[in-house]
2 protein chains.
Amino acid sequence: MTDRPPHILIVDDDREIRDLVTRFLRGHGMRAESAADGGAMRRRLRTGRFDLVILDVMMPGEDGLTLCRELRAAGSQPVIMLTALGDETDRIVGLEMGADDYLPKPFNPRELLARIRAVLRRSGPSAEPPAVPGDGACLVFEGWRLDTARRELRDPEGVLVALSAGEYDLLAAFATHPQRVLNRDQLLDLTKGREAAPFDRSVDVQLSRLRRKIEPDPANPTLIKTIRGGGYMMAVPVARA
Amino acid sequence: MTDRPPHILIVDDDREIRDLVTRFLRGHGMRAESAADGGAMRRRLRTGRFDLVILDVMMPGEDGLTLCRELRAAGSQPVIMLTALGDETDRIVGLEMGADDYLPKPFNPRELLARIRAVLRRSGPSAEPPAVPGDGACLVFEGWRLDTARRELRDPEGVLVALSAGEYDLLAAFATHPQRVLNRDQLLDLTKGREAAPFDRSVDVQLSRLRRKIEPDPANPTLIKTIRGGGYMMAVPVARA
DNA sequence: CGGCCCCTGAAACGGAGCGTTACAAAATTC
DNA sequence: GAATTTTGTAACGCTCCGTTTCAGGGGCCG
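Counting of residues starts from 1 at the beginning of each chain's written sequence and follows it residue by residue. All chains are assigned letters beginning with A, and all ligands numbers beginning with 1, in the order in which they are written. Only residues with pLDDT of 70 or above have their local features reported here, since the model is predicted, and side-chain atom pairs are shown and tallied only from 80 upward, although totals for entire chains, interfaces and linings are computed over all residues. Neither water nor hydrogens contribute to the side-chain values; these are computed over all heavy atoms in the structure.

Turning to the overall build of chain A, a few remarks are in order. Helix and strand assignments come from DSSP, with helices taken as H or I runs of at least 4 residues and strands as E runs of at least 2, each series counted from the N terminus. When helices and strands are tallied, chain A shows eight helices and 13 strands. Residue burial considers only the protein chains on display, and all accessible areas are found by Shrake-Rupley using a 1.4 Å probe. Summing over all exposed atoms, chain A offers an accessible surface of approximately 11,100 Å²; the carbon and sulfur share of this is 53%.

Right under this line is the structure:
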């Protein structure tokens, strides 16, 4: 029912293609961003939540197939691959790697749009657990235990702490980005997948509610600190278990 | 949200290009500075915080690729490389070295501006690598312990000293540049990432507040000394732990 | 040595950022 | 469809921070 615009990431070494596709998708009501290579892609995925990734197969350095396998292992976004025209091998290997669709270059932007919509429709609205690449694991910090598979939180004594969906998403965003300052835009992107409105303070209120449940002394937070003028930060190290 | 103007460093041996780009970027609301070679770049990076570095590939002495690799290893700023027109090799090697984008010379300044904005948007406001627990994130001086991962300060007895965000940033600036005189411009750049206004004395006031918390006798400071006419200096050695 | 100027320290004030509560709308459950 | 829970918005008060202002003190000159 949440019909927010889909968020697409284009990974291609060719600047012209990146810009063309980005502009085209934005012109059709989507949020689109681009990355020039695998490193940039990873950096962008670290602080943003995407509904779909478009990968060029032919790239210097890490090629699209490698990145596709990585995406499949880590996240759950659907992937569309851009292959060289008529190259059956790429197409087959791409699909084996877990790509959801492929498109031979050069392509008609309208066709890309159609395939994006098809893949998003297929993968459905419930395809994506927010903010968690590398799932199935428990995130442990200061004795607390966040089970990302069950969406449950247990305190150091092992007692279940009831969190609302929003509180869980917020805590998960921090737990997957520990020891980093996250501003309100990033947190909103990670938890709700939307952008901040002018006087949006919903993050503040949610965090206040979360602190009441997990901080020993909510007035002097030790787990999630406030960085005035910057945002918030999980101040303790997080381990996977 | 802190929306301060981005701070760009241009590294190019050609003086005309440096001036042209610097003036152009400033005319578009950015803070821009330039360096003529690798040495000047390193010197500038030591006391300034930059959001992006523009590197010329072809330079006498250390070329852009070498510098790019160095930047990638040390810092976290994104890099845009200026390559010779149509030189595929440079472009590919540049991206492999970790550049976030490239631009063939000669280029249209407006296009450079667009590239810069795109890269900044992609890399986001905080692009630091996630701190690994146990990595040397503590700075120790005279028994005091500044934990940069947790943004916490402990006195020699191990008692937590409450610092405001601004006080912490200021102390961190000194602790990462010990035994060096830092003037107000440098401190403002390191802590707030902005330039000094004509009669800006905010650093003085913050330092006064900081001294009240960490100096045994704030009237006769021993940790952070005043250098009349020059600025301030952390007067004790700092070790990583 | 004394007077002057300029630099710095610190108090005081006001504005902005943030925490929290209250309330209303929306979603979920039964 | 009603009751309950969750979530966003508005509002109030507190804290932090930048600016202003004044006082003290060091350096330079005579």
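Residues and elements named next belong to chain B. Given the number of residues in a helix, its expected span is that number minus one, multiplied by 1.5 Å. Relative to the 18 Å expected for 13 residues at 1.5 Å per residue, helix H1 (residues 15–27) spans 18 Å between its end C-alpha atoms, a close match to the ideal helical length. Within H1, burial applies to Ile17, Arg18, Val21, Thr22, Phe24 and Leu25. Under the rule applied, a polar contact is a pair of N or O atoms within 3.5 Å (in protein, one hydrogen donor and one hydrogen acceptor; residues adjacent in sequence only if both atoms are side-chain atoms). You can read the cap of H1 off the contacts: a side-chain oxygen lies 2.8 Å from the backbone nitrogen of Glu16, and it is on Asp14. Positive backbone phi, approximately 80°, marks Gly29, located one or two places after H1. The cut-offs for exposure are 20% and 50% of the maximum accessible area for each residue type, with area from a 1.4 Å probe on protein chains only; residues under the lower value are buried, those over the upper are exposed, and the others partly exposed.

All right, on to the protein's contact with DNA strand C then. Only a single heavy atom is needed: when it lies within 4 Å of a molecule or strand, its residue is near that molecule or strand. Around DNA strand C, 24 residues are found, and the nearest of them are Thr226 and Tyr232 of chain A together with Arg211, Thr226 and Tyr232 of chain B. Here, DNA strand C places atoms within 4 Å of the protein, and 50% of those atoms are sugar or phosphate. Between a phosphate oxygen of DNA strand C and a side-chain N or O atom of Ser208 of chain B, the distance comes to 3.1 Å. With respect to DNA strand C, the side chain of Arg211 of chain B contributes an N or O atom lying 2.6 Å from a phosphate oxygen. Of all the secondary-structure elements, those providing two or more residues to the surface near DNA strand C are helix H8 (202–214) and strand S11 (224–227) of chain A together with helix H8 (202–214) and strand S11 (224–227) of chain B. Examining the composition of the surface near DNA strand C, we find that five residues originate from one element, H8 of chain A, more than from any other. Polar here means any residue outside two lists: the nonpolar Ala, Val, Leu, Ile, Met, Phe, Trp, Tyr, Cys and Pro, and the charged Asp, Glu, Lys and Arg; Gly therefore counts as polar. Looking at the surface near DNA strand C residue by residue, the classes come out as five nonpolar, six polar and 13 charged.

Neighbouring residues of DNA strand D: 21 residues in total, closest Ser164, Gly166 and Arg209 of chain A together with Ser164 and Arg209 of chain B. The share of sugar and phosphate among atoms of DNA strand D within 4 Å of the protein is 50%. The contact in question runs from a phosphate oxygen of DNA strand D to an N or O atom on the side chain of Asp200 of chain B, over 3.3 Å. Arg201 of chain B places a side-chain nitrogen or oxygen 3.4 Å from a base oxygen of DNA strand D. Sorting the residues of the surface near DNA strand D by element identifies helix H6 (165–175) and H8 of chain A together with helix H6 (165–175) and H8 of chain B as the ones contributing at least two each.

Nothing here speaks to function; it is geometry throughout.
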